[in-house]
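# A look at the structure
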Amino acid sequence: RKKPLEIPPPSEKDWLKDDEEDFFLQDPDRKRDALPQPFRMINKLVMLVFENAMEIIERREMLREAQKLKVQPPKCFPTAEFQVTGRANCLAVSGKYIFVGLSVGLAAFKVSDCKEVCAWDAAKMEICVIHALDLGNERHVLLAVDEMGLLWLFCFHKESFLLIKILNEVEDISKRSTCEEVVLSPGGDYAGVLLQGNTKAWLEIYRLPKDSWLKEMEKSPGAAAGLACKERRAQHSSQVHIFLLQGSPVSANQADAKLSLPVLLLQVKPPKPIAGSSFKSPLDALKKVADGSMLGLGYNHLIKDCQWEQQEAIFRSTYQEYLEAEGERESKEQIPRHATFHFLLPSWILQVGPEMKVQPDVPAGISVHWDGSHNLCLYLLNHSLKEKVDSDPKPHVVWPCAAPIVCSAVSSCSRYLALACEDATITIWDKHLGYPLSVTAILEQRLIRSIHFL
């Protein structure tokens, strides 16, 4: 070679055209199918939508597969159904019977075959709440609350309803009280009723003479002939038996089943707000204290009204800016209107006198705490039937708490009592020993609504 090798200079013929600059990035199969703008942008958006949809589908399939690996709860389907007259509002199970509160009265069904055995519709009232308890010997006690707040006491015996009494019935309608809550003690020896009047509320505890009922039913089996149930078959061709009450409608005063009436033992009123003392000397205050071995409700003190007013004035003058920022309004302390109560079996904290016989399975007292109150009050149920009912009894034991009590619960064995306060503190008490087992504070000051033993 005569001349050295050299790179020739570029020429216009070797230049790449604009439409061929990215030819090596294109799919050979799509070289002639390239879309112009704006269709390429639309194509990208559509592909993005499809990709996101596929991700969602894959995620749901993974969740579905994981759900299949979990243990599935068994599905329960109704095995039988029963027909009622009117609308069913509530029901309760006691022994081998199901009691249903209807819009026109009561009905009883057998658990075995779901057939109706008896119905009661003499007063044509609507039952909203019903409680039932098996007393043994084919006897059941029922407490039913109607739409007007009246509490009806029934005894169900030999497949017939016996109306005993309306516990809160009064002749003057203006003085009528409504039933807010009703509790039957285990065994059916006592019944607690929380009543609400126009301006006040109170708690009534009744003793149910269940032993007398059994004797009276054995002596006079036809005591409730006017309230017996008679079978009447339905017109339609079904196998459901409907039983309706026969006889003229009876009023509350005429409903006499010739059974012993329940006895009122206690009438507990909510605690009054603590006011200024009227005592002139400490000796006067000590005279009001019957026994110094227990705590009271705090009424017997020597703080005058003027001292309360001075303390309130000092507090407001010191924290006036904070009170104005929060917009706090002056309001008088109101008497609480709702109470939570439990029946308690005998224990060390409920000391009963030697003259009273104590049965281990019969409640010996009740625990009561009212809304907004710091105190848990315990009352004994060892009152003699001959004693006059005290309109404002004093509690036999008082347990003060650091914060107002929100809710409470008693274990099934009635030994442990749990109290939850507004400061999110839960205290478990051992009633047999009389001291707390544990105190648990819930973090972040959460508000406790209810508490239960498992």
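Residues numbered from 1 in each chain as written. Predicted model: local features only at pLDDT ≥ 70, side-chain atom pairs only at ≥ 80, totals over all residues. Heavy atoms only, no water.

The protein goes by WD repeat-containing protein 93 in an unreviewed UniProt entry, where it is assigned to Nipponia nippon.

### Let's talk about the overall build of the protein
Helix and strand content of the protein: 5 helices and 22 strands. Relative to its full complement of 454 residues, the protein shows a buried share of 35%. Long-range contacts, defined as pairs at least 24 residues apart, comprise 52% of the intrachain contacts of the protein with a sequence gap of at least 6. A total accessible area of about 30,600 Å² is found for the protein, and carbon and sulfur atoms account for 55% of it. (Helix = DSSP H or I, 4+ residues; strand = E, 2+ residues; numbered from the N terminus. Buried < 20%, exposed > 50% of the residue type's maximum accessible area, 1.4 Å probe, protein only. Contact = heavy atoms within 4.5 Å. Areas by Shrake-Rupley, 256 points an atom, 1.4 Å probe, with all protein chains shown as cover.)

### What to know about the environment of His157
As for its position among the elements, His157 is in strand β7 (residues 151-157). Looking at His157, the relative accessible area reads 13%, which means it is buried. Considering only alpha carbons, one finds His157 and Glu138, 19 residues apart in sequence, at a separation of 6.0 Å. Each residue touching His157, except ones within four places of it in the same chain, is listed here: Asn137, Glu138, Arg139 and Met217. Within the structure, the side chain of His157 is placed 3.4 Å from the backbone oxygen of Glu138, a separation counted as a polar contact. (Polar contact = N/O pair within 3.5 Å; in protein donor to acceptor, adjacent residues only side chain to side chain.)

### Re the pairing of strand β21 (residues 425-430)
Burial of β21 is extensive: 6 of the 6 residues sit out of reach of the surface. Residues Thr425, Thr427 and Trp429 of β21 are buried on one face, and the alternating residues Ile426, Ile428 and Asp430, pointing to the opposite face, are buried as well. Inspection of the sheet shows strand β20 (residues 416-421) paired to β21 by 5 bridges, in the antiparallel sense. Residue Leu419 lies in a different strand from β21, and its bridge partner there is Thr427. The hairpin turn running from β20 into β21, its antiparallel successor, is 3 residues long, and Ala424 in that turn takes a positive phi close to 60 degrees. Hairpin connection of β21 to strand β22 (residues 435-441): 4 residues between the antiparallel strands, including Gly434 at a positive phi of 85 degrees. (Pairing = 2+ DSSP bridges.)

### Points about the pattern of salt bridges
Under the criterion given, the structure shown has 5 salt bridges. Between Asp121 and Lys124 there is a salt bridge; the shortest N-O distance is 3.4 Å. Residues Asp430 and Arg415 are paired through a salt bridge, measuring 3.0 Å at the closest nitrogen-oxygen approach. You can see Asp430 sitting in strand β21 and its partner Arg415 sitting in the loop between β19 (405-410) and β20, a full 15 residues away along the chain. According to the relative accessible area criterion, Arg415 is partly exposed, its value standing at 27%. (Salt bridge = Lys/Arg side-chain N within 4 Å of Asp/Glu carboxyl O.)

### Points about the sheet that holds β19
The antiparallel open sheet is built from 4 strands, whose spatial order is β19-β20-β21-β22. Strand pairing shows two members of the sheet lacking a second neighbour, β19 and β22, which therefore form its edges. The mean angle between the axes of side-by-side strands here comes to 20 degrees, regardless of whether they run parallel or antiparallel. (Axes fitted to C-alpha atoms, helices over the stretch in contact; angles between N-to-C directions.)

### With respect to a nonpolar patch on the surface
Taken together, Phe39, Ile42, Val46 and Phe50 make up a surface patch of nonpolar side chains, about 400 Å² in accessible area. For Val46, the location among the structural elements is in helix α1 (residues 39-69). (Patch = residues over 30% accessible without salt bridge, like charges linked within 9 Å, V, L, I, M, F, W, Y side chains within 5 Å.)

### Some details on a positive patch on the surface
The grouping of Arg59, Arg60, Arg64 and Lys68 at the surface amounts to a positive patch. Tracing the backbone through its elements, the reader meets Arg60 in helix α1. For Arg60, a relative accessible area of 56% corresponds to the exposed category. (Lys, Arg positive; Asp, Glu negative; His and termini not counted. Charge placed at Lys NZ, Arg CZ, Asp CG, Glu CD.)

### Notes on the sheet that holds strand β4 (residues 116-120)
Strand order in the open sheet formed by 4 strands is β1-β2-β3-β4, and the pairing between neighbours is antiparallel. At either margin of the open sheet sits one strand with a lone partner, and together these are β1 (88-94) and β4. The mean inter-strand angle of the sheet, taken between neighbouring strand axes irrespective of direction, is 20 degrees. As judged from the 4 bridges shared by strand β3 (residues 105-110) and β4, these two strands associate in the antiparallel manner. Bridge pairing in β4 places Ala108 opposite Cys118.

### Side note on the state of the cysteines
What the rule picks out here adds up to 0 disulfides. Considering cysteine sulfurs only, Cys421 is the nearest to Cys401, which forms no disulfide, with 4.4 Å between them. (Disulfide = S-S within 2.5 Å.)

### Examining the confidence of the model for the protein
Predicted confidence across the protein gives a mean pLDDT of 77, with 72% of residues reaching 70 or more. Counting interchain partners and residues more than four positions distant, the pLDDT-below-50 stretch residues 223-257 has 58 contacts. (pLDDT = per-residue confidence, 0-100.)

### Section: the nonpolar core
Phe99, Trp120, Phe154, Phe156 and Phe161 are the most contacted members of the largest nonpolar core, which has 23 residues in total. Elements that contribute at least two residues to this core include exactly β1, β2 (97-102), β3, β4, β5 (127-136), β6 (139-146), β7 and β8 (161-166). Membership of the second largest hydrophobic core comes to 22 residues, among which are Leu162, Trp213, Met217 and Leu259. (Core = buried A, V, L, I, M, F, W, Y, C linked by side-chain atoms within 4.5 Å.)

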